[in-house]
Amino acid sequence: MTTGTTLRYAPARILGWALPYWTRGEAGRETPADLFRVLYLGWLAAFVLKVLGSTWDVSWHFRWLRDDLAPPHLLNSVGTAIAVGLALVHWYTGYGVDRTASRLIQWGTGIFLIAIPLDLINHRVNGLDITAWSPSHSLLFIGTALMIAGVIRGWYLGAGPSGAVPERRRTLVLGALFAFFLENVHFPAQHQEYGVLELASWDRGRPYAEPSLLQFAADQMGRPVDHAMILKFSLPVPDYVYPVYAGVFGMAVLVFARLMVGARWTATGITAGYVAYRCLVWPLLVGGGFPPSAIPFFFVLAGICVDLAFFVRVPYIRPVLGAAIVTAAVYGGLAVQDRVLEAPPFAMGSWPVTAAALAAAWLAVEWFVGRYHLSGADAPAYTDVPGALAAAPAAATESPAVVPAPATPAGER
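Thresholds applied
Residues numbered from 1 in each chain as written. Predicted model: local features only at pLDDT ≥ 70, side-chain atom pairs only at ≥ 80, totals over all residues. Heavy atoms only, no water. Helix = DSSP H or I, 4+ residues; strand = E, 2+ residues; numbered from the N terminus. Buried < 20%, exposed > 50% of the residue type's maximum accessible area, 1.4 Å probe, protein only. Contact = heavy atoms within 4.5 Å. Expected span 1.5 Å × (residues − 1). Core = buried A, V, L, I, M, F, W, Y, C linked by side-chain atoms within 4.5 Å. Axes fitted to C-alpha atoms, helices over the stretch in contact; angles between N-to-C directions. Parallel < 35°, antiparallel > 145°, perpendicular 65-115°, else oblique. Left-handed = near helix turned anticlockwise from the far one by under 90°. Nonpolar A, V, L, I, M, F, W, Y, C, P; charged D, E, K, R; others polar.

Draft legend 1. Spotlight on the overall build of the chain. Along its length, the chain carries 14 helices and two strands. Residues counted as buried form 50% of the 413 residues belonging to the chain. When contacts within the chain are restricted to residue pairs at least 6 apart in sequence, those whose partners lie at least 24 apart make up 77%.

Dropping the structure here:
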């Protein structure tokens, strides 16, 4: 059979495989292993496209005026379309998720879709967004965060030990999903990472931004295109925002990942992967004529310190000690990076706030993970669910992937 003939019949074969699964069901139903793999491969593809689109988008908006049909938006939209389709599959069939995961995905998708027209209206009324920290943008980040959280829970439950997913693959995919979560959380802070180099380009007399973009921003601010206007355009938030935000929210994500994945160097792997991705796309964007950004190399040092903190076994000492060494890594790493390469402006005097807030967040994350049995050691096996394998033939080589319903905690019955 020729390749052309094979491709011609591929849609029919795909439909023939998928249609039997298109039945109404409650979340948490037994999920065949092949369907489970396809669903979560779809989620990985959706998040890859969304990350590529958003990375390109932030660089695009430091070069040209906003364009609703810009290529980065279109690339991101393809990922969003896949995500919406998968959310509908989970909602209608109940496959691949429990009730909580399904609701997180539904709420996240809904908030994201609502945020899109709100963002368009905001731009039509108010013109250019000077900052990535705007309310309409925040809804996009929050929606994406809830969506990824639901997918993380679905994979965590459905790919538990003793199931059809090998342990190594389960760990790698869970770590990758947390890397997507970290990228989404850190995304607003990229404004400062691009902004510091945009300001430097103006000072050199060769700004990266097109004159039309700078003039548009200046008109919106009601002032001429001068150094003060470029400063407000490039670095619109106080200097303490970047280190406090990265040191509290970014590190809290890594703590959650380390607890939930359970592998010894989880945080190191996630931060190294994220920084490697930023290093990979940097020359591609710059080579395509887009502005460069400062890369958060300090993340790797902070990730190592998160993992080192978990060698401390005493529950209430670890968050305090961990917050201290991780805060030192964030601020120390930024100081070294600022001297050797380039780093966004950061207020060194804000470190006590970061350390205290991170300690509180770390305690909260450890309590939450313990309260709802979400640590790597607590990952449910398929056989933990009575009758979960009853539908699998005795001679089957693959077990169905099951998303078990978590036990109801005492006091909530």
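Draft legend 2. Here's a closer look at helix 7 (residues 190-203). Helix length check: helix 7 (14 residues) gives 20 Å between terminal C-alpha atoms against 20 Å at 1.5 Å per residue, within 8%. Most of helix 7 is tucked away, with 11 of its 14 residues classed as buried. Its buried side turned inward, helix 7 meets helix 2 (33-60), helix 6 (167-186), helix 9 (227-234), helix 10 (241-261) and helix 11 (266-287). Just downstream of helix 7, G205 is the residue with a positive phi angle, here 90°.

Draft legend 3. Examining helix 6 more closely. The first and last C-alpha atoms of helix 6 sit 28 Å apart over 20 residues, in line with the 28 Å expected at 1.5 Å per residue. Within helix 6, 14 of the 20 residues are buried, which leaves it mostly tucked inside the rest of the structure.

Draft legend 4. Region of the structure containing the nonpolar core. Core analysis: the largest hydrophobic core is formed by 82 residues, its most contacted members being W43, W155, F178, M251 and V326. Sort the elements by how many residues they give to this core and helix 10 lands first, with 15 residues. Setting aside chain neighbours within four positions, we find W43 in contact with A83, L86, A87, H90, I105, M147 and V151. Listed in part, the 20 residues of the second largest apolar core include L214, M229, I230 and F290.

Draft legend 5. Here's a closer look at the environment of I304. Its place among the elements puts I304 in helix 12 (residues 298-309). Its relative accessible area of 30% is what places I304 among the partly exposed residues. Look past the residues within four positions of I304 in its chain and what remains in contact with it is W265 and T268.

Draft legend 6. Region of the structure containing the packing of helix 6 against helix 11. In contact at an axis separation of 9 Å, helix 6 and helix 11 are set at 60° when each is read in the N-to-C sense. Classified by the interaxial angle, the pair formed by helix 6 and helix 11 is oblique. Our pair here, helix 6 against helix 11, has a crossing hand that is right-handed. Here helix 6 contributes G175, F178, A179, L182, E183 and H186 to the contact with helix 11, which in turn contributes I270, T271, Y274 and R278. Class assignment of the residues belonging to the contact of helix 6 with helix 11 gives a composition of five nonpolar, three polar and two charged.

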